[in-house]
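# Architecture and fold: a report
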Amino acid sequence: MPKPQKGTTTKGKYIFVVGGVMSGIGKGVATSAIGCILKSKGFRVTALKIDPYINVDAGTMNPTEHGEVFVLDDGYETDQDMGNYERFLGETLPEINYMTTGRIYRSIIERERNLEYKGKNVEVVPDVPLEVLRRIEKAREAAQADITLIEIGGTIGEYQNIIFLEAARMLKQMHPMDVAVVMLSYVPIPNNIGEMKTKPTQYASRELNSAGLQADIILARATMPLDKKRKEKIATFCNIPSERVISAPDVESIYDVPLNYEKDGLGDILADVLGLERRASDLSQWQAFVDKSKNGEQEVSIAIAGKYFKSGEFVLSDVYISVIEALKHAAYHLNLKLVLHFINTKDSAQHDAEVEAWSGERLKELSRYDGILVPGGFGESGIEGKIAVIKYARENKIPYFGLCYGMQLMVIEYARNVAGLVGATTAEIDAGAKHAVIDLMPEQKEKMTKGDYGGTMRLGGYPCKLRSNTIAGEAYGGVGEVRERHRHRYEVNPEYVMKLTEAGLKFSGVSPDHNLMEIAELPKEVHPFMLGTQFHPEFLSRPLSPHPLFSAFLKAACLRRQASEKK
Ligand code: GLN
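Residues numbered from 1 in each chain as written. Predicted model: local features only at pLDDT ≥ 70, side-chain atom pairs only at ≥ 80, totals over all residues. Heavy atoms only, no water.

Under an unreviewed UniProt entry, the name given to the protein chain is CTP synthase, and the source organism is Candidatus Adlerbacteria bacterium RIFCSPLOWO2_01_FULL_51_16. Note on the protein chain: under the UniProt heading Pathway (unreviewed entry), the record states "Pyrimidine metabolism; CTP biosynthesis via de novo pathway; CTP from UDP: step 2/2." (UniProt positions renumbered as here; feature names shortened; annotations may be inferred.)

As structure tokens, then:
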């Protein structure tokens, strides 16, 4: 280990990841991939995200605007990038690792109200950056991290994140040897020019300079690898050695990214910048996973039936990113080639039109899928479409996997069509319904009457007791109790549990006090795989350890595929 030098903290090293040119080029994946490489070298790593929103957390943001809300084990509702960090690092991250402008200001104001600033003027600079640094330090301490990654949301040059760049500048000023700045930039190839243009990157770098920071490394995102000439150009005009300009071309899968960076020696470059010893990385397991992801032979086609796919004229799948990644992890481990389809169940704002749209020929088309998944969701629109899809899956024995709302709607469908509870529904859409088989949890009822919506759901990790001789029990390998992450206000109404059970629905997972139904399923003899979870198993799936329920679902889908191929 090199001796601590002047200006070092001796406690830890910090890497800020910032974005230049434009958003949406994969800062979250870049941060995660850097973490993955450093961890594979034996460093203890943690990762934080700073979002420039005034929202205190991501819980109240519309998914079509912001993408998925990723729930941490401690219940905090965060940005989907936190999911990427957990997946690439294989770690469970705490809430201190996520902050928004709103959250930072809120704690400063609370501290001010508590007289913790001891009468001094509290100012945007330096008090906001100092609060940011305090949080970074807390996260580093909690993880005992050798290297702390901090992703600054937004793009350099935006008004909203300038204060976070200031935090990075202050930390670098205090500990110049311990802080690295990585800029992820975009190098376009305009169609009419047909040449890779570096000017936007040069401007971004200058803009970063004007915030008092100099990039140590530039990751140049582009549709193809950078040639020597562009690397040199970026190096010359952005003030760094050309080896520190790393080519980051589009890749087939996000899981290729750490391997690609490592090929360009990013890990060693970072070690050099931070004054750490160079260490060999061990990405062999990761490589094996990536190889598997490309070599799947047996095809399996899965339809995700949801309603948050559209944003203007564009189709979004970001809203379901953890679900999609969880399907991929399980598929790759089973050597399957995953083919995903998205079914938009939101046809119309009108209930009757939706029922109409989801009948006849349209439903029959569902037979071509090997499995159907209904993910989490909220509100009335799209639900009749989903219920029709679920009914079809049940009657036609197509493997079905329901997550949260997908489980609640599965219960509703069963109540209506098998248990004979006419008009059964959820209190979420009809609070006065005769058969509210899904009802508000008592503690949430109280909060909502006060109009207090933010952070009022049942959130985060809770235990679930598994019943033996069930599909769920078997999938988890006979474990008695598991911990899974939640995000819901409603639950299966305890008053209907008996009736539904008598009608043939099995609750194979329950809360330890037996009050909450966590998993519902149909017996294997009746249906090959019809299972829903009140929790979100997708949040716990990792590339190197897929979630057992996703694996069980895909195994069932694969069997259906094989059977249909034999016909
Ligand atoms: N809307 C349902 C509830 O609040 C389901 C939530 C979800 O799918 N995450 O209980």
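### Regarding the pattern of salt bridges
Counted under the stated rule, the structure contains 43 salt bridges. We note a salt bridge from Lys-49 to Asp-79, for which the minimum N-O separation is 3.1 Å. Residue Lys-49 is found in strand 2 (residues 45-51), and its partner Asp-79 is found in strand 4 (residues 77-79); the two are separated by 30 residues along the sequence. By relative accessible area, Lys-49 is classed as buried at 5%. A salt bridge links Glu-518 to Arg-458; the nearest nitrogen and oxygen atoms lie 3.2 Å apart. (Salt bridge = Lys/Arg side-chain N within 4 Å of Asp/Glu carboxyl O. Helix = DSSP H or I, 4+ residues; strand = E, 2+ residues; numbered from the N terminus. Buried < 20%, exposed > 50% of the residue type's maximum accessible area, 1.4 Å probe, protein only.)

### Some details on the pairing of strand 18 (residues 458-466)
For strand 18 and strand 19 (residues 481-488), the ladder comprises eight bridges, and the chain directions are antiparallel. If you follow Lys-465 over to strand 19, its bridge partner there is Glu-481. Relative to strand 21 (residues 506-510), strand 18 is paired through two bridges, and the arrangement is antiparallel. Within strand 21, the residue paired with Leu-466 across the bridge is Gly-509. (Pairing = 2+ DSSP bridges.)

### Comments concerning helix 12 (residues 321-333)
Relative to the 18 Å expected for 13 residues at 1.5 Å per residue, helix 12 spans 18 Å between its end C-alpha atoms, a close match to the ideal helical length. Burial analysis of helix 12 places eleven of its 13 residues in the buried class, the great majority of the element. Listed as buried for helix 12 are Ile-321, Ser-322, Val-323, Ile-324, Glu-325, Ala-326, Leu-327, His-329, Ala-330, Ala-331 and Tyr-332. Taken from the residues just after helix 12, Asn-335 is the one with a positive phi, measuring 60°. (Expected span 1.5 Å × (residues − 1).)

### Brief notes about the UniProt feature "domain: CTP synthase N-terminal" (unreviewed entry) in the protein chain
Cross-referencing UniProt, the feature "domain: CTP synthase N-terminal" (unreviewed entry) maps to residues 13-275 in the present numbering. In the segment residues 13-275, helix accounts for 43% and strand for 18%; the C-alpha atoms at its two ends are 9 Å apart.

### Considering unusual backbone geometry
Omega for the bond connecting Val-125 with Pro-126 falls within 30 degrees of zero, at 10°, which places this linkage in the cis form. The topology assignment puts Pro-126 in helix 5 (residues 124-143). For Asn-239, which is not a glycine, the phi torsion comes out positive at approximately 75°. Position of Asn-239 among the secondary structure elements: in the loop between helix 8 (228-238) and strand 9 (245-249).

### Comments concerning the site of the ligand
Around the ligand, a shell composed of Gly-376, Gly-377, Phe-378, Cys-404, Tyr-405, Gln-408, Glu-428, Arg-487, His-488, Arg-489, Tyr-490 and His-536 is seen. Here an oxygen atom of the ligand and a side-chain polar atom of Gln-408 are 3.1 Å apart. Take Arg-487: an N or O atom from its main chain is 2.9 Å from a nitrogen atom of the ligand. Surface burial for the ligand is 99%, taken as the share of its 300 Å² of free accessible area covered by protein chains. For the shell around the ligand, the secondary structure elements donating two or more residues are helix 16 (405-417) and strand 19. Considering only residue class, the shell around the ligand consists of four nonpolar, five polar and three charged. (Near = heavy atom within 4 Å. Polar contact = N/O pair within 3.5 Å; in protein donor to acceptor, adjacent residues only side chain to side chain. Areas by Shrake-Rupley, 256 points an atom, 1.4 Å probe, with all protein chains shown as cover. Nonpolar A, V, L, I, M, F, W, Y, C, P; charged D, E, K, R; others polar.)

### What to know about the sheet that holds strand 9
Read across the open sheet, the seven strands follow the order 5-2-6-1-7-8-9; overall the sheet is parallel. Each edge of the open sheet is held by one strand with a lone partner, namely strand 5 (98-100) and strand 9. Taken over all neighbouring pairs, the strand axes of this sheet differ in orientation by 20° on average, direction set aside. One ladder, built from three bridges, connects strand 2 with strand 5; its direction is parallel. Looking across to strand 5, one finds that Ile-50 is bridged to Met-99. Each of strand 2, strand 5 and strand 6 (147-152) is contacted by helix 3 (residues 80-89), which is oriented at about 170° to strand 2, the strand it contacts most. (Axes fitted to C-alpha atoms, helices over the stretch in contact; angles between N-to-C directions. Contact = heavy atoms within 4.5 Å.)

### Topic: the nonpolar core
Formed by 87 residues in total, the largest nonpolar core has its most connected members in Ile-15, Ile-34, Leu-219, Tyr-261 and Leu-327. Per-element accounting of this core gives the leading share, eight residues, to helix 20 (residues 548-566). With residues up to four places along the chain from it excluded, the contact list for Leu-327 reads Ile-302, Ile-304, Leu-338, Leu-340, Leu-373, Phe-550, Phe-553 and Leu-554. Ala-305, Ile-343, Val-411 and Val-510 belong to the second largest nonpolar core, which has 47 residues in total. (Core = buried A, V, L, I, M, F, W, Y, C linked by side-chain atoms within 4.5 Å.)

### Comments concerning the packing of helix 12 against helix 20
The packing of two helices is summarised by the inter-axis angle and the distance between the axes. Contact geometry for helix 12 and helix 20: axes closest at 9 Å, N-to-C directions at 65°. Taken together, the axes of helix 12 and helix 20 lie roughly perpendicular to each other. Handedness of the crossing formed by helix 12 with helix 20: right-handed. For the pair formed by helix 12 and helix 20, the contact residues are Val-323, Ala-326, Leu-327, Ala-330 and Ala-331 on the first element and Phe-550, Ser-551, Phe-553 and Leu-554 on the second. Across the contact of helix 12 with helix 20, the residue classes tally to eight nonpolar, one polar and no charged. (Parallel < 35°, antiparallel > 145°, perpendicular 65-115°, else oblique. Left-handed = near helix turned anticlockwise from the far one by under 90°.)

### Some thoughts on the packing of aromatic side chains
Here the structure, examined in full by the defined rule, presents twelve aromatic pairs. On the basis of an interplanar angle of 80° and a centroid distance of 5.2 Å, the ring pair of Tyr-255 and Phe-289 is categorised as edge-to-face. Placement of Tyr-255 in the loop between strand 9 and helix 9 (257-263) and of Phe-289 in helix 11 (residues 284-295) is noted, with a sequence separation of 34 residues between them. Each of the two residues, Tyr-255 as well as Phe-289, counts as buried. With a centroid separation of 5.4 Å and an interplanar angle of 45°, the aromatic rings of Phe-401 and Phe-553 are classed as tilted. Of this pair, Phe-401 sits in strand 15 (residues 400-403) while Phe-553 sits in helix 20, and the two are 152 residues apart along the sequence. Per residue, the accessibility class of Phe-401 equals that of Phe-553, and both read buried. Grouping aromatic residues by their ring pairs yields a cluster made of Phe-88, Tyr-255, Trp-286, Phe-289 and Tyr-332. (Phe/Tyr/Trp six-rings, centres within 6.5 Å; stacked < 30°, edge-to-face > 60°.)

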